[in-house]
Every structure is written in C-alpha cells, then in structure tokens.
Amino acid sequence: MTENEHIVLASIPRSYAQVFFSNYSFLGWLLLGISFIDWVAGTCGLIAVVVANAIAWLLGYSSEMINQGMYGFNALLVGLGTGLGFQPGWELFSITIFAAVFTLFLTLALEGILYKYNLPYLSLPFMFGMWMVMLASRDFQSLGLSERGIYTANELFTLGGKPLVDLYYSIAHIDWPPALRTYLLSLGAIFFQTNLLAGILIAIGLLLFSRIAFTLSVLGFSIAWGFYQLTGASIHELTYTYIGFNYILTAIAIGGIFLVPSFKSYLWTAILLPVVVMLTLSLGKVFLSFGLSVYSLPFNIVVITFVYVLKLRLEPEKGPVEVTLQENSPERNLYHHIGTKQRFANRFYLPVALPFFGEWTVSQGHSGEYTHKDEWKHAWDFVITDEEGKQYRGDGDWVTDYFCFGKAVASPGDGTVAELVDGVPDNKISDVNTHQNWGNTVVIKHSDYLYSKLSHLKEGSIKVKKGEFVKQGQTIGEAGNSGRSPYPHLHMQFQVLPNIGAPTLSYPFGQYILNNGHTKELKSFAIPRKDEKIASIRKTKLIEEAMHFIPGEHLHFRILKNEIPAFRRLPEKSEWIVDTTSRNESRLISETEQATAWIYNDGQVHYFSHFQGKNKSLLYLFFLGLFKVQSGFYADLEIQDSIPSNLVFPKSWMFLHDFTAPFFQFLHADFSLQYSYIDNPTMPGQIELSSIVDKKIFKRQLSRMTFKTEIGPTGIKKITVEENDKILIALCEEPS
C-alpha cells in the first residue's frame, strides 16, 4: 500500500471519529457501521468523506490533517443529512458530491480565518452546507423526499436479517425512562439516526473511546434536562427534534477537549449548559420561520465564544486550564498536562545558570537581613565557604584571605553586555564605598525583559566590553570587594531594565545542584535560599554525548537475553532513527516496533517527554529507564520524577482510573535514577546509570522494574532490565 493510499484509508474512520473530537479509528469504524442503519444516509456520508478528503489531497493540503479526519467530518455530516432526507438516486448522489465539495471549501476557508485566533471551526461548515442543501432542494423537482422510516422492519431486515429486526423491537419495547431515552436518541441524532439502537451503540463506542467523554456526555445532557424541568420549557421540543446533541457535544468539548479535565472544567460545563439551552430554544424559533433546523449552531456559538474569551485572559494560570497540545482524547489531554505541569511547569522561562564555577554558598538571599530590601529584595550574595562554614583562611584581615576573591564570574546566559562599570577600587575588609554603591558591575541583556546584574567585581578583572555578545558560562570578570561591600562576595540580581540600580525581578535559575550535606539534589527553576550550598551542573562528557540524539542518527540494538514474559516477543534486532518534527521536537522512532519517544533536552538535563505506540517494545523500555537524566555524574545524587500513569499501567487498570482522574488519581508511577559507577572520574571510559520504576496504587507498591544503562565512548552500550527476577539484556551496536 502506498503512502497516499494509506492516508485515504486512514482518513475514512477518523473523519467519523472526529465528530466526537477523536482520531480513534475503532470508534470511527463503529460510527461508520452505525450510519448504515439507514443505508442511503450511510452511503451518502461515505461518498462525502471520500470526496472531501480526496480533493483536499489533490489541492495539496496537509496530509496529517487529512489523515486525522479534520477535513472530512463536516462533509460527512452533510452527506448523512442529505442522504437521510431524500430518496436514493443519481440526483441525490450528485447533490451529495457537490455539497461535500462546498463544505470542504468552507472548512478550509474557516480554518484559515480562525487559525490566526487559534480557534476551532467545529461544525460550522456542516451547518452552512446543510442549510444550502435544504433551501436549494425546494426547487429540485426531481429530488423526492425520503419515505424511509415508514417500513422500518423491512429496511432493517434488508440490512441485518431477522436477528437485527428482533433486536430493534426488543430495545424499542423496553420502558425506558424519558431522560435516558432522549439521551440515547440525541446521541443517535448526531449521526442522523433516530432510533435507540444507534444511540446505544454510539454510547458503547463513546465509553470505550473515553470514560471522561462518556461521563461528560451524560452530565451535560442531565444538566440540560434538569434546566428544562426547572424553567418549565417544553420537553416535547427536546424529544421531538433530538437537538439534545448540542448539550452532549458542548459538555465533551468544554469539559475534556478544549479544557484540561478537572473540577473547574466540569464546573464551567455546568455553568455554560443552561446558556446552550436558552440559545437552542431562542434560535430554534428564528430558524423555524425559515423552515430550517438549528442543528448544532448553539453548540458552536457557545464553545467558540468561550474558547476565545479564555484566550483573552491576562492571567491564564487562573481559572480553567486550556489544552496546549491537542491529543484528541480527554484522557490523553489530562495525563499529558499532568506530566507537563509537573516536569515542565517553567518551560517558558529562559534557562539561566549560576554565575560561577564550583560550589558557592548563599550568604544573603531574597529579602535579606542587611540589604536586599524593598524594590531590590530579589537578589543574592554568593560566597565560597569551607567545611566549617568559614569564608576565609586565617583571620580574614585581607581580601585575598577570602576564598571567593579573584574567582571567575560567568555569564548566566547568552546575551549582550548592556552596561558596564570598572575602575572602582576594592575595599579593605569592613570598609564600604557608599558613593559607588554597586562597585564594578556588568549588566547583561538576555531578552527584551530580562537582564542580569553582577556586582562588586574585582577592579580591572572585567574581560568584556559594552555591546559585546557573551555566551552562557563565559568568564566576564572576577569576584571582588568593590562598592558597598564590607567583605568579598558576588552580588547578583535579575531585572527588567538595563540600568545599574534598577529594581530587581524574582526569577529562577534553570538547573543547579543543591548540596544537602550527605546527599545532593537536582533543583530545576528554583530560587536559592540563604545558607544553601549550590553549584552549576558539572557536565560529564560521556553522559552529555550519550544523551545527545542527533537528527538522522540511527541506533541499532540486539537482544542478547529476554526472560521477561511481557516482552518475550520482541524482535531480536531493533533499529531506531532520530527525527525532528515540524514543531522542532526531537524524537526516537522505531518503525518495526511502531513506537515513538519524544525527547526534550535543555542542555543540562535530558527528558523523555512523551511516548506513543506499542508498550511491548524495546524503545518503551529505553523510555522508562532513561526518563530523566542530568548530564553530570554525581555518585550521591538521586534523580526523581513521576511518569504519567497512562504510559505505565495496562488499559484494564486505566479504564476504572479514568473515571476519577479529573478529580483524584489513585494510580502512580514513580521514577528514580542514580549514578552507580564510573571507572575514572577525571577521564571516564565507562559509566553506569541505575534506575527504578515503581507502580503504585494509593501509594502501595504493586510492582517494580529496575534498569541498568551502560555508557561508553560511543554512547549507550547496553541496557539491562529486571522485573520479578527475570532479565532482559539489549546491546547497542555502534550508532551510524
């Protein structure tokens, strides 16, 4: 099968699934089958999907968008509506084709218009396309109205024989509660089916696709039904037109697709649904005068308006959280957000480093006891101390007695020297220069609104010039005792203005090592506190190069031993390629294993940010074992992290977990990594990393996997995985 044929085939079921904001092919095939309960509607819907996707491909539109069904689902709905309303014949099929073309053009045009506002077009193209067909059909004399539905038993017998007829009537004769009956009919009406059998099948498909979406569909319809009862609005109108799908789709869209599923997203769903009810009732009266159905217009108005309102917020961190990377599943949106929030909450910060080499101590932090007050409270003073906590040798009478005096001061990040003062003499101990408060100073511009200021530098030590571009880690001068400085130290602050003496800005350092005495801790985007001993990450070249995956690079693995039952069917050889997406994301792809692992590296710490594909793959084990690795070897450092539960637990466990996940999670996967072996700390030739993944339920351990990764001069050498005393060993052959 060619790539184009694969795209066309994959786009068919996904066009059906996209009606529920999904790219889940199983749901799509189920919905396609349900649409053929009325074979004419099903045929017209399928024709419309194929025509729309084929033309989008011929016009050169995104293969990914076509493949995901984004250009086909509106045409599908028009095809279903047209097929249901009219008698079969060449006239109907011709109109379906032209209506599908027009709907596709509307889809593409609205995508272009709304894209610049980052807004969805939802089913707006369907409504315009359907209204066009309904109004124009009044003049199509040869196009007969559908008489199907009068002899339902005969139609079902033709489709599925006597068993289908019996099933239909057994369901129809059940004494359904009115609300449940209308809910199921409203579900079926989304695909222009007006029978309970279609609604039940769609409900089952929705439940299998997403527990959150299913829950939201029930919640949304229930709130709307209750609002009808509360206000005394006519339930007859709801049961007659089955426009309850507006409430179902609104609840799923707000509660789980455009907002991260949570208590707040559910709350906003409850707030907005009465608005959808009032819009449905009011607009229904308007469109009735034209002989048209309101279709899904209320759903579109409320969802698009609400999403637009959210994007206008000045403080988006308050209130409900928008989905930033659409995963086409409420569960995947939620778990991706949880993983991203915990690990990359500060990803929009520019990662700046500590301005020195080796380990220093914070002698005064933010809101200090001596200075660092008021507008200048967000600053640090750094010194070097010995094991006894002293800053100097001997009596400390001379500046040269202080350990930090004359030590190199580095640029915290890439930037341009914005301001510079030199030539201020260093003070004698206990003396201060209040006239030249900041002493010898360098201000570096890192971005339009981020500057770093390094003060009290040693006279004559500054090695840069104003306007010069500097790199992160480049030496710019030496620590001194100039200005208002009674003893040698390095003063540092961040600010939004370039001038010396500007107010400070509270801003974190990207990655650094905190010495807790007996252990070390990796701090990410944190504010150092008084008396903490901190150091920039001391990179180990062997680790840094092993975790640096170059686009186009191939990695070849060979399984030497495999005793773990869950992974016994792994191929003996596995090849991965390093790839980069259009969003500049790096990833490892194993085509033979149908697995992809996304990589994020900030220059100091390697992360695996996401995994997609088969969990029963060697790449998946690689993803787990090296989930987070910082690039320096520290024997007393333990890296800790959490892996999203949906990437670790089987689907049977997640099925129950998904129902409660928006509110609380009882399944957890904890990751830890230690630096267990290095053959030569100065010039290492071999390093070993040991990591653990613990599965827990309510914090009680269920199982454990341990990993050992050997690194050599050529990169990753060997991976050893152990689970329940069973071992898997994979050897990495020299990368190409």
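## A word on the pairing of strand 10 (residues 509–515)
- Summarising burial for strand 10: seven of the seven residues are buried, a large majority.
- Sheet topology places strand 10 next to strand 11 (residues 520–526); six bridges connect them, and they run antiparallel. The partner of L514 across the bridge, within strand 11, is E521.
- Here strand 10 folds back onto strand 11, and the loop between the two strands holds four residues, one of which, G517, carries a positive phi near 105 degrees.

## Some remarks on empty space enclosed by the protein
- Across all of its chains, the model carries one cavity of 30 Å³ or more by this definition.
- Empty space within the largest cavity amounts to approximately 110 Å³.
- Lining the largest cavity are 13 residues; nearest its centre among them are Y335, H336, S609, H610 and P644.
- Listed by contribution, the elements that provide at least two residues to the lining of the largest cavity are helix 16 (330–344) and strand 17 (605–613).
- In terms of residue count, helix 16 provides more of the lining of the largest cavity than any other element does, six residues in total.
- In terms of residue class, the lining of the largest cavity is built from four nonpolar, six polar and three charged.

## Points about the sheet that holds strand 9 (residues 490–495)
- Strand order across the open sheet formed by ten strands is 7-4-5-6-9-2-1-12-10-11, with antiparallel pairing between neighbours. This sheet does not close on itself; its edge strands, each paired only once, are strand 7 (469–470) and strand 11.
- Two strands pair when backbone bridges link them, and strand 10 and strand 12 (residues 533–535) are joined in this way by three bridges, in the antiparallel orientation. Paired with L514 across the strands is I534, a residue of strand 12.

## Concerning the sheet that holds strand 16 (residues 595–601)
- The strand order 18-17-16-15-14-13-24-23-22-21-20-19 describes an open sheet built from twelve strands, whose pairing is antiparallel. Because the sheet does not close on itself, it has two edges, and the strands there are strand 18 (628–630) and strand 19 (638–643). With direction set aside, neighbouring strand axes in the sheet form an average angle of 20 degrees.
- Here strand 15 (residues 586–590) runs beside strand 16; their pairing, made up of five bridges, is antiparallel. Opposite L588, over in strand 16, you have A597 as the bridge partner.

The rules behind these values
Residues numbered from 1 in each chain as written. Predicted model: local features only at pLDDT ≥ 70, side-chain atom pairs only at ≥ 80, totals over all residues. Heavy atoms only, no water. Buried < 20%, exposed > 50% of the residue type's maximum accessible area, 1.4 Å probe, protein only. Helix = DSSP H or I, 4+ residues; strand = E, 2+ residues; numbered from the N terminus. Pairing = 2+ DSSP bridges. 1 Å grid on protein atoms, 1.4 Å probe; cavity = no way out; pocket = protein on both sides within 12 Å on 5 of 7 lines; lining within 4 Å. Points joined across faces, edges and corners; volume = space filled by probe spheres on them. Nonpolar A, V, L, I, M, F, W, Y, C, P; charged D, E, K, R; others polar. Axes fitted to C-alpha atoms, helices over the stretch in contact; angles between N-to-C directions.

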